[in-house]
Every structure is written in structure tokens, then in C-alpha cells.
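Okay, here's what each chain looks like letter by letter:
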Amino acid sequence: MNYTDKIVHLIHWKSEFEGDILFLSRLEKSERVKIHRNCQIISFSGEDKKLVGVKIRNRLTKAVSFLPLDIVFIYIGMIPQTNFLSEDLRDKLVDDWGYIKVDFQTSKTLMKGLFAVGDVTNFPERQLTTAAASGTIAATSVLSFLDESRS
Ligand SMILES: Cc1cc2nc3c(=O)[nH]c(=O)nc-3n(C[C@H](O)[C@H](O)[C@H](O)COP(=O)(O)OP(=O)(O)OC[C@H]3O[C@@H](n4cnc5c(N)ncnc54)[C@H](O)[C@@H]3O)c2cc1C
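The following paragraphs examine the structure supplied in this document. Only a predicted model underlies this, so the values are computations on that prediction, with no experimental measurement involved.

Points about the overall build of the chain
Helices and strands together make up the secondary structure of the chain, namely 3 helices and 5 strands. Taken from N to C terminus, the helices and strands of the chain fall in the order β-α-β-β-β-β-α-α. Principal-axis analysis of the C-alpha atoms gives the chain an extent of 70 × 35 × 35 Å. The buried share of the chain, taken over its 151 residues, is 11%.

Structure, rendered in C-alpha cells:
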């Protein structure tokens, strides 16, 4: 499929973005990206089981408009999957946002013998590289923990 003539619509419910300022300025300059600030999708429209567009509403002006679209990628925040922890443990181990609190040097949680890694932790960067690195740190820490437990 050839996407070279396509326009990408970026629908953002706030007036400002929190991302990297350099990436944002590139986005803003791009003729192929149209940014809709203060807007929310209110409905999807389809024909023959295929998306044809979305209705968006401007949260400030309340104006509703229709955007013809072929594809929609939804990305609205993140919820750390820490529900597997019992309520007791959640109270002890997670921060206000639901992320498991860890010591970044060792991947140790506040519970002895329990280690956590990757996106589910309160480490501020959530990337493949940081997730993999925390896995390596945890593996080393687990070995030390087992050695100490044996002696
Ligand atoms: C849209 C998007 C784009 C991204 N782009 C990039 C990028 O370009 N570069 C980059 O570096 N990072 C990117 N990231 C971030 C990157 O994907 C994550 O930081 C990384 O995958 C985190 O790895 P993880 O192993 O901690 O978690 P995950 O990759 O989310 O893996 C967690 C796994 O645990 C499983 N799981 C959940 N609950 C349970 C349970 N109770 N029991 C058993 N298994 C369970 C899940 O099914 C999943 O397989 C992106 C993330 C998103 C969402």
C-alpha cells in the first residue's frame, strides 16, 4: 500500500503536548500531519464493515466536524497491569499511579525476594532498552539474593 500521499490527523484532547519539544516541532512543521488540539473523537462511522471516518468535537468551541479516515490508531495513556497483586500487596508495593516501586540499582521491590522489571515499575523511562536493562539487573540481583539465602 502506498501511504506517501496520505495525511495523518493527530487528535489530542489537550491544548499542549507533554512530549519531546524537538519531535513536536517536527510534527508541527510537517505538511502531512494535521494536529487537532482540544479535540475528542465522539463517534466512528463505517460502511460495509470498513471505517470511513470519525466525528470529533472541539472541547472548547463544542464544534463538531467529520474527518474521513481509513485507519485509526488509538493511544490513550497507560495503565500498569498490577492487578495480579493482592489488594494488601498493592497497598504496600505500588505508587499512586499503580506502578510497582523498585530500587533502580537492584530491581528490588519493597517485599523481600520479589523483584520487578520493565514498564510495570516506577522507573521513569518506559522503553524496550530500559525494560531489557532492568531485566538484566533483576537477574543479577536474584542470583545474589539466592546466594545470600543459601549462606
Ligand atoms: C504504541 C507503543 C509504541 C512503543 N514504541 C517504542 C519504541 O519505538 N521504542 C521503544 O524502545 N519502546 C517503545 N515502546 C515501549 C516498549 O514497548 C515497552 O517499554 C516494553 O515493551 C516494555 O517491556 P515489558 O517487558 O516491561 O512489558 P511488555 O512488553 O508490555 O510485556 C509484558 C508482558 O506481560 C504479559 N502479562 C501482563 N499481565 C500478566 C499476568 N498477570 N500474567 C502473565 N503475563 C502477564 C503481557 O501480556 C505482556 O506480554 C512502545 C510502547 C507502545 C505501547
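Side note on the sheet that holds strand 3 (residues 39–47)
Here we have 3 strands laid out as an open sheet, ordered 3-4-5, and antiparallel in their pairing. Bordering the open sheet on either side are strand 3 and strand 5 (64–68), each of which pairs with just one other strand. Adjacent strand axes in the sheet meet at a mean angle of 25 degrees, parallel and antiparallel pairs treated alike. In this sheet, strand 5 lies alongside strand 4 (residues 50–58) in antiparallel orientation, the contact comprising 5 bridges. Residue pairing in the sheet places Gly-53 in a bridge with Pro-68 of strand 5.

Here we look at unusual backbone geometry
The phi angle at Asn-38 is positive, at roughly 55 degrees, despite the residue not being glycine. Tracing the backbone through its elements, the reader meets Asn-38 in the loop between strand 2 (33–36) and strand 3. Assessed through the 15 C-beta atoms surrounding it within 10 Å, Asn-38 is described here as partly exposed.

Looking at the nonpolar core
Formed by Val-94, Tyr-99, Ile-100, Val-102, Phe-115, Ala-116, Val-117, Phe-123 and Ala-138, the largest nonpolar core amounts to 9 residues. Those residues in contact with Ala-116 that lie beyond four places of it in its chain are Ile-100, Val-102, Ser-107, Thr-109 and Thr-121.

Quick notes on the environment of Ile-11
By secondary structure assignment, the location of Ile-11 is in strand 1 (residues 8–11). Given 18 C-beta atoms within 10 Å, Ile-11 falls into the partly exposed group. As for Ile-11 and Arg-32, which are separated by 21 residues in sequence, their C-alpha atoms are 14 Å apart. Setting aside residues no more than four positions away along its own chain, Ile-11 makes contact with His-36, Cys-39, Ile-41 and Ile-56.

Concerning the environment of Ser-25
Locating Ser-25 in the fold gives a position in helix 1 (residues 21–29). For Ser-25, a count of 10 C-beta atoms within 10 Å puts it in the exposed group. Taking the C-alpha atoms as reference points, Ser-25 and Gln-81, 56 residues apart in sequence, are found 33 Å from one another.

Rules of the game
- Residues numbered from 1 in each chain as written.
- Predicted model: local features only at pLDDT ≥ 70, side-chain atom pairs only at ≥ 80, totals over all residues.
- Helix = DSSP H or I, 4+ residues; strand = E, 2+ residues; numbered from the N terminus.
- Buried ≥ 20, exposed ≤ 12 C-beta atoms within 10 Å, placed from the backbone.
- Pairing = 2+ DSSP bridges.
- Axes fitted to C-alpha atoms, helices over the stretch in contact; angles between N-to-C directions.
- Core = buried A, V, L, I, M, F, W, Y, C linked by C-beta atoms within 7 Å.
- Contact = placed C-beta atoms within 7 Å.

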